[in-house]
Amino acid sequence: MANYHKPDEKTLQGLKDVANKLRIHSIKATCASNSGHPTSCCSAAEIMSVLFFHTMRYKASDPRNACNDRFVMSKGHAAPILYAAWAEAGYIKETELLKLRRIDCELEGHPTPKLAFVDVATGSLGQGLGAACGMAYTGKHFDKSSYRVFCLLGDGECSEGAVWEAMAFASYYQLDNLVAILDVNRLGQSEAAPLQHNMETYRKRCEAFGWNTYVVDGHDVEELCKAFWQAQQVKGKPTAIVAKTFKGKGLNGIENEDNWHGKPIPKDRVDSLLAELQAQMQTNKPLSPEQPNEDAAEADLSPISLPSPPQYAIGDKMATRRAYGVALAKLGQASQKVVALDGDTKNSTFSETFKKAHPERYIECFIAEQNMVSVAIGCATRDRTVAFASTFAAFLSRAYDQIRMAAISQSNVNLVGSHCGVSIGEDGPSQMALEDLAMFRAIPTCTVFYPSDAVSTERAVELAANTKGICFIRTSRPDTAVIYSPEEKFEVGHAKVVRQSDSDKVTVIGAGVTLHEALAAADQLAAEGVNIRVVDPFTIKPLDAATIVSCARATGGRVITVEDHYKEGGLGEAVCAAVAEEPGIVVQRLAVSRVPQSGKPQELLDLHGISTKSIAAAVRATFAN
């Protein structure tokens, strides 16, 4: 191991002075906005000073440079000190800090990627380390670059289970390019954090999760410099730096006191407190970050296309979940950027097809869906990868907050949920996704794909890889017939009319398994002399309102939706919203209306009124009325 060289006294004093400058900026900014978290900033001042002006390698004028070290402010409420660090680095004008939280300023209350130096939005606590894991994995295994990843966490957020999912992931994958700094300032929002300043327990927990761990005085710049240097020497383990700090450090009468969380400093105390901090400064030595190694390529933003058309014939039987695996493996052949993640369901979601073809670009995340989504978001930052993360769609519900934050992060992550609806059969309701369409429709930036056969699934995967924002692909368990030719063109927001005639009486809209039930009902009704129009929406969001309205008008305003999903928030509600302002259109919704049970798929489709016979009966009832 190389020998540690202690920084000279001028450098150490310079780092102390920068820490107090960061405190001053944070206090001034939060006073100007009359809101924010200055005491949470003050506890992290020395950590931020040492990180940004001694340890991290980055181009201050180019925050998104592919070679820069990464920093994640997981304790997002301390955003003002992050902004202050970039002001001291010269990227932000100091005057901008005084516009904190104003509607005409991008320095928001918590960090978002509207700012070039923010990779992921934080503020919903406990999520930053998972994203940092994704960045570190990408740096080590995909970019094969020397950039390192640093994540600052608060002690309060360490009560979140997602933090420990990330801790387990990082140690399992030996992410020695990742450093987590725990700012243990003792105080939470409403009372003390559970471990307070029990530093030995923090140490034991981090070590138990397989991390190289140092406990330091978080206000001692020399200790911090040494700990960060030691972290860089350690191979095969991530490092946790557990820093004992005090909330409101340096603020007389406020430091380490209760009831100061999220409160600006009172106006009658600001001047004296700022003067005390200013008086501690002893040097004007300029400190600049070290430049990064130029060993990461620029992001490849070129479109990704399937290398060959789908290899299915009309009438072939193939589950869309299996077609997803085939499509992803093909896409991985077309681009080295494509990576896949799964939560120990790869033999059910068929992401294992990708793993077999491209094992070096597959990440097993085990049964930790919150962390899987965060890791995928981290992998996708700065356009380093095109990430697809899959599990049972039902289990994505436990990662809903991570998905919500992904939208705020402007992430281009792709999520794939298999085993949707009652059609999965005997496994029962705990495995059945019946809320997922509602979940993802509510997410801004999200495109919701619901392919109904193997061909449309391949095209959904291809489109998702090239679509900005979050994409969700809903796949089904049962084998269903291929209904499209390999040459069929698909577009986001464009529905397919898969059965029509000049004498159609009703428009039936189905997706996934229910599209096939609708086609079977169309055959049955045709034998009775009744023709219906059948529509495959392909994307539920955006929904092709124009095609739906056109078909509804052609069939006397009569529309039936049928979905393997609860009524609330699904396909039926999307269609109702699309035709809400169109006079004379009536929508009848067939959907799962109660908690289901185990049974054979067809029995369950019948029981919940979304099968062929239920659709046919609904069409007949339309005319009976």
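Keep in mind it's a predicted model, so treat the numbers as computed, not measured. (Residues numbered from 1 in each chain as written. Predicted model: local features only at pLDDT ≥ 70, side-chain atom pairs only at ≥ 80, totals over all residues. Heavy atoms only, no water.)

Enquirer: Describe in detail the nonpolar core, supporting the description with residues and values.
Expert: Counting residues in each nonpolar core, the largest one holds 83 residues, and the members touching the most others are Leu129, Leu178, Leu341 and Leu415. Looking at this core element by element, the count peaks at eight residues for helix H6 (residues 128-142). Leu12, Phe53, Met73 and Ala84 belong to the second largest nonpolar core, which has 54 residues in total. (Core = buried A, V, L, I, M, F, W, Y, C linked by side-chain atoms within 4.5 Å. Buried < 20%, exposed > 50% of the residue type's maximum accessible area, 1.4 Å probe, protein only. Helix = DSSP H or I, 4+ residues; strand = E, 2+ residues; numbered from the N terminus.)

Enquirer: Talk me through the sheet that holds strand E15 (residues 504-510); I want residue IDs and the actual numbers.
Expert: Here we have five strands laid out as an open sheet, ordered E14-E16-E15-E18-E19, and mixed in their pairing. Bordering the open sheet on either side are strand E14 (496-499) and strand E19 (586-592), each of which pairs with just one other strand. For this sheet, the mean inter-axis angle between neighbouring strands, taken without regard to orientation, is 25°. One ladder, built from five bridges, connects E15 with strand E16 (residues 531-536); its direction is parallel. From the neighbouring strand, Asp504 faces E16, where its bridge partner is Asn531. Packed onto the sheet, helix H19 (residues 545-554) meets E14, E15, E16 and strand E18 (558-566) and runs at close to 150° relative to E15. (Pairing = 2+ DSSP bridges. Axes fitted to C-alpha atoms, helices over the stretch in contact; angles between N-to-C directions. Contact = heavy atoms within 4.5 Å.)

Enquirer: Any chance you could break down the UniProt feature "domain: Transketolase-like pyrimidine-binding" (unreviewed entry) in the chain for me, citing the residues and the numbers?
Expert: UniProt's feature table lists "domain: Transketolase-like pyrimidine-binding" (unreviewed entry) at residues 318-482, given in the numbering used throughout. Overall, residues 318-482 shows 39% helix and 18% strand. The separation of its end C-alpha atoms is 7 Å. (UniProt positions renumbered as here; feature names shortened; annotations may be inferred.)

Enquirer: Can you break down the packing of helix H11 (residues 320-334) against helix H17 (residues 454-465) residue by residue, with the values?
Expert: One way to put it is that H11 packs onto H17 with a least axis distance of 8 Å and a crossing angle of 45°. As the angle between them shows, H11 and H17 are arranged oblique. Of the two possible hands of crossing, H11 and H17 adopt the one that is right-handed. Side by side, H11 and H17 meet where Thr320, Ala323, Tyr324, Val326, Ala327, Leu328, Lys330 and Leu331 of the first sit next to Ala454, Thr457, Glu458, Val461, Glu462 and Ala465 of the second. Among the residues forming the contact of H11 with H17, the class breakdown is nine nonpolar, two polar and three charged. (Parallel < 35°, antiparallel > 145°, perpendicular 65-115°, else oblique. Left-handed = near helix turned anticlockwise from the far one by under 90°. Nonpolar A, V, L, I, M, F, W, Y, C, P; charged D, E, K, R; others polar.)

Enquirer: Describe the pattern of salt bridges, and please don't skip the residues or the numbers.
Expert: Counting across every chain of the model gives 30 salt bridges. As a salt-bridge pair, Asp119 and Arg382 come within 2.8 Å of each other at their nearest N and O atoms. Highlighted residues: Asp119 in the loop between helix H5 (94-97) and H6 and Arg382 in the loop between helix H14 (369-380) and strand E9 (386-392), separated in sequence by 263 residues. Bridged by salt links that share partners, the residues Lys6, Glu9 and Glu222 form one connected network. (Salt bridge = Lys/Arg side-chain N within 4 Å of Asp/Glu carboxyl O.)

Enquirer: So, the packing of aromatic side chains: which residues are in play, and what are the values?
Expert: All chains considered together, the criterion is met by 22 aromatic pairs. Between Trp164 and Phe209, the ring centres sit 5.0 Å apart and the planes meet at 50°, which makes this aromatic pair tilted. Here Phe209 lies in the loop between helix H8 (199-208) and strand E4 (212-217) and Trp164 lies in helix H7 (residues 161-172), a separation of 45 residues in the sequence. Summarising the aromatic geometry, the rings of Tyr172 and Phe366 are spaced 5.2 Å apart at their centres and angled 80° between planes, so their arrangement reads as edge-to-face. Here the residue Tyr172 occupies a position in helix H7, and Phe366 occupies one in the loop between strand E8 (362-364) and H14, the gap between them amounting to 194 residues. Within the aromatic cluster, the residues linked to one another by ring pairs are Phe52, Tyr58, Phe71, Tyr83, Trp86, Tyr91 and Phe117. Lying across the ring of Tyr147, Arg70 places its NZ or CZ 3.7 Å from the centre. Positioned above the aromatic ring of Phe490 is the side chain of Lys496, whose terminal nitrogen or guanidinium carbon lies 4.8 Å from the ring centre. (Phe/Tyr/Trp six-rings, centres within 6.5 Å; stacked < 30°, edge-to-face > 60°. Lys NZ or Arg CZ within 6 Å of the ring centre and 35° of its normal.)

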